[in-house]
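The residues making up each chain are set out below.
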Amino acid sequence: MAGILGLAMFATPTAAASLTSPTDAELARYLVHENSYGVVATRSIHLDGQVFSNVMSVSDGIGNNSTGRIFFYMTVMDATGADLAKDSAASITFSQAQIVGDQSCGAKDPEDPTCARLTISGDIVALANGDNKDFALKALFSRNPAMAHWPLGHGWDVLEMKPQKLILLSHYGGAAHVPVSDYFAAAPARGLGTRTFKPDASCAAGSSLISRVDTSTSNLKAAAPPTPATKPQEARKLVHDAIWGVLSSTSVGDKKPNSYVESVSDGAPGFSTGRLWFYLTDKDDIVQDVAANNNVSFTISEAMLDSEVTSGAVCHGVIAEDPTCGRITLSGQLHLLSDPADIKSAKAALFARHPVMAKWPATHGFMAYELAISEIF
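Conventions used here
Within each chain, residue numbers correspond to sequence positions counted from 1 in written order. Side-chain atom pairs in this predicted model are given and counted only at pLDDT of 80 or more, local residue features only at pLDDT of at least 70, and totals for whole chains, interfaces and linings cover all residues. Calculation of side-chain values draws on the structure's entire complement of heavy atoms; hydrogens and water are dropped beforehand. Between any two strands, at least two bridges found by DSSP are needed for them to pair. Runs of E in the DSSP output that reach at least two residues are strands. Runs of H or I that reach at least four are helices, and both are numbered from the N terminus. Here the axes come from fitting lines to C-alpha atoms, over the contacting stretch only for helices, and the angles between their N-to-C directions go from 0 to 180 degrees. Here a residue-residue contact requires only that any non-hydrogen atoms of the pair lie within 4.5 Å. Exposure classes here rest on a 1.4 Å probe applied to the protein chains alone. A residue is buried below 20% of its type maximum, exposed above 50%, and partly exposed in between. Per residue, pLDDT measures the predictor's confidence, with a range of 0 to 100. Positive: Lys, Arg. Negative: Asp, Glu. His and the chain ends are not part of the count. Throughout this description, the term salt bridge denotes a Lys or Arg side-chain nitrogen within 4 Å of a carboxyl oxygen of Asp or Glu. Any pair of N or O atoms that falls within 3.5 Å is considered a polar contact. Within protein, one atom must be able to donate a hydrogen and the other to accept it, and sequence-neighbouring residues count only if both atoms are side-chain atoms. What a helix should span is 1.5 Å times the count of its residues minus one. By construction, the arc corresponds to the directions joining the helix axis to the C-beta atoms.

As for the sheet that holds strand S8 (residues 244-250)
- Ordered in space as S9-S8-S11-S12-S13-S10, the six strands form an open sheet in which the pairing is antiparallel. This sheet does not close on itself; its edge strands, each paired only once, are strand S9 (257-263) and strand S10 (276-281). Sheet twist, expressed as the average angle between the axes of neighbouring strands with direction ignored, equals 35 degrees.
- Note that strand S12 (residues 327-336) and strand S13 (residues 366-376) share seven bridges and pair antiparallel. Bridging from a neighbouring strand, glycine 332 pairs with isoleucine 373 of S13.
- Sitting on the sheet, helix H10 (residues 340-353) touches S10 and S13, and the angle it makes with S10 is about 90 degrees.

Examining the pairing of S13
- Examined bridge by bridge, S10 and S13 share six bridges and lie antiparallel to one another. Its bridge partner lying in S13, threonine 281 is registered against phenylalanine 366.

Digging into unusual backbone geometry
- Located in the positive-phi region is aspartate 48, a residue other than glycine, with phi close to 55 degrees.
- Mapped onto the elements, aspartate 48 comes out in the loop between strand S1 (37-43) and strand S2 (51-57).
- Overall, aspartate 48 belongs to the exposed group, its relative accessible area being 73%.
- Positive phi values are uncommon outside glycine, yet histidine 316 reaches one of about 45 degrees.
- By secondary structure assignment, the location of histidine 316 is in the loop between helix H9 (302-309) and S12.
- Given a relative accessible area of 55%, histidine 316 falls into the exposed group.

A word on the confidence of the model for the protein chain
- Taken residue by residue, the protein chain gives an average pLDDT of 86. The fraction at 70 or more is 82%.
- Contacts from residues 1-20, a stretch scored under 50 in pLDDT, to residues over four places away or in other chains number 65 contacts.

Remarks on the side chain of aspartate 123
- Turning to its location among the elements, aspartate 123 is positioned in strand S5 (residues 117-126).
- It turns out aspartate 123 is buried and unbridged, and the closest side chain with the opposite charge, lysine 256, is 4.9 Å from it.
- Here serine 88 takes part through its side chain, which lies 2.7 Å from a polar atom of the side chain of aspartate 123.
- Within the structure, aspartate 123 has its side chain in polar contact with the backbone nitrogen of alanine 89 (distance 3.4 Å).
- Contact partners of aspartate 123, with chain neighbours within four places excluded, come to Ser88, Ala89, Glu160, Met161, Lys162 and Gln164.

So, helix H3 (residues 24-34)
- Counted residue by residue, H3 has eight buried out of eleven residues, so it is predominantly covered.
- Ala25, Leu27, Ala28, Arg29, Tyr30, Leu31, Val32 and His33 are the residues of H3 that are buried.
- At its buried positions, H3 is contacted by strand S3 (70-74), strand S4 (89-95), S5, helix H5 (131-143), strand S6 (157-169) and helix H6 (180-185).

Concerning the environment of aspartate 24
- With respect to the helices, strands and loops of the structure, aspartate 24 is situated in helix H3.
- Separated by 154 residues in the primary sequence, aspartate 24 and valine 178 place their C-alpha atoms 6.7 Å from one another.

A few points about the pattern of salt bridges
- Within this structure, the stated rule accounts for nine salt bridges.
- Residues aspartate 87 and arginine 43 are paired through a salt bridge, measuring 2.7 Å at the closest nitrogen-oxygen approach. Taken together, the positions of aspartate 87 in the loop between helix H4 (79-86) and S4 and arginine 43 in strand S1 put the pair 44 residues apart, joining distant regions of the chain.
- Taking relative accessible area as the criterion, arginine 43 reaches 26% and is therefore assigned partly exposed.
- The residue aspartate 342 makes a salt bridge to arginine 275 at a minimum N-O spacing of 3.6 Å. Taken as a pair, aspartate 342 in helix H10 and arginine 275 in the loop between S9 and S10 lie far apart in primary sequence, 67 residues in all.
- By relative accessible area, which is 26% here, aspartate 342 ends up partly exposed.
- Among the charged side chains, a salt-bridge network with shared partners connects Arg69, Glu160 and Lys162.

Describing H5
- Between its first and last C-alpha, H5 extends 19 Å over 13 residues, near the 18 Å set by a 1.5 Å rise per residue.
- For H5, the complete set of buried residues consists of Lys133, Ala136, Ala139 and Leu140. For H5, the angular spread of the buried residues around the axis is 120 degrees, confining them to a single face. Within H5, the exposed residues directed more than 90 degrees away from the buried face are Asp131 and Lys138.
- The inward-facing, buried residues of H5 contact S3 and S6.

Here it is, written out as structure tokens:
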């Protein structure tokens with residue numbers, strides 16, 4: 001969410017000044033190394049060239065070794081693999097909110113500038129047979145052991161992101177453009193689990209920044225595993241339980257797939273509408289993209305939900321790319337709401353789940369948007 005993040009007046013001077021270390025490149029490397037999955041945006045075959053986003057498990061090295069290189073294990077039987085076989089242009093987004101434990105964002109809203117997020121744009125390409133591909137495969141299997149047992153008949157291949165642009169959002173005052181050379185030269189930041197951000201009072205730990213759904217009592221609880229009859233209910237539950245996801249658009253600049261971490265609501269806790277509402281400002285890059293092409297995709301993973309409420313394994317111990325780790329991508333057109341009744345409903349839903357939004361500066365021109373869903377994947 002480059003817009004809010006670019007506004008220094010959004011925070012006290014101590015909040016901005018406290019994020020002087022690590023360097024942007026070190027923090028970018030940290031987000032890649034600590035996260036076991038990201039959301040990949042591509043030009044979609046099944047959406048006639050419009051943007052599509054999907055959860056993909058990754059590795060940047062063998063075991064605890066970090067190379068900064070981002071490896072994937074994909075098949076053309078999957079929509080993302082098929083897209084990349086035709087057009088390698090892509091982006092991948094990581095958020096600090098995905099990380100389990102004290103390195104995560106805690107009580108902060110995932111859209112808050114100090115909840116770090118990184119989008120890397122470039123090309124995701126298949127690796128040729130040889131030592132390079134062998135290393136990548138070892139890196140993938142070391143971090144995602146289940147991959148070694150996936151059916152060979154599905155035609156799995158090893159791919160790598162070749163980065164061209166890195167955009168890091170980690171503090172008030174604006175997004176950082178991290179040079180690719182700096183990224184690869186850096187080592188992952190250390191000690192972030194105990195780092196002190198010293199935000200202002202509205203961002204203090206324990207303040208009412210987020211209102212989560214009690215998933216143990218939710219009347220939207222679906223049977224597990226889902227059947228064709230229960231999949232609509234499972235989809236509604238996943239959407240309602242989520243407080244954030246990754247919103248992908250076509251960049252107004254280079255016309256390539258791009259993604260942003262955005263908070264979302266479909267209603268107050270326990271009151272699901274199925275409608276997806278966002279609170280954005282025209283200072284956000286996503287709004288600039290949508291002004292030119294409002295076809296977007298929004299992706300949520302069960303792993304995102306689990307990371308908010310557990311210090312242990314997410315997705316009952318399976319990796320995020322596993323089919324049994326629930327995920328959903330909703331594609332359609334993102335619209336600025338104009339009807340007063342719709343705006344009132346959207347704000348009520350957003351502020352119920354994200355109370356801090358009601359305190360965001362009125363001078364920044366935040367507006368309610370809704371995703372008009374045309375396809376669910």
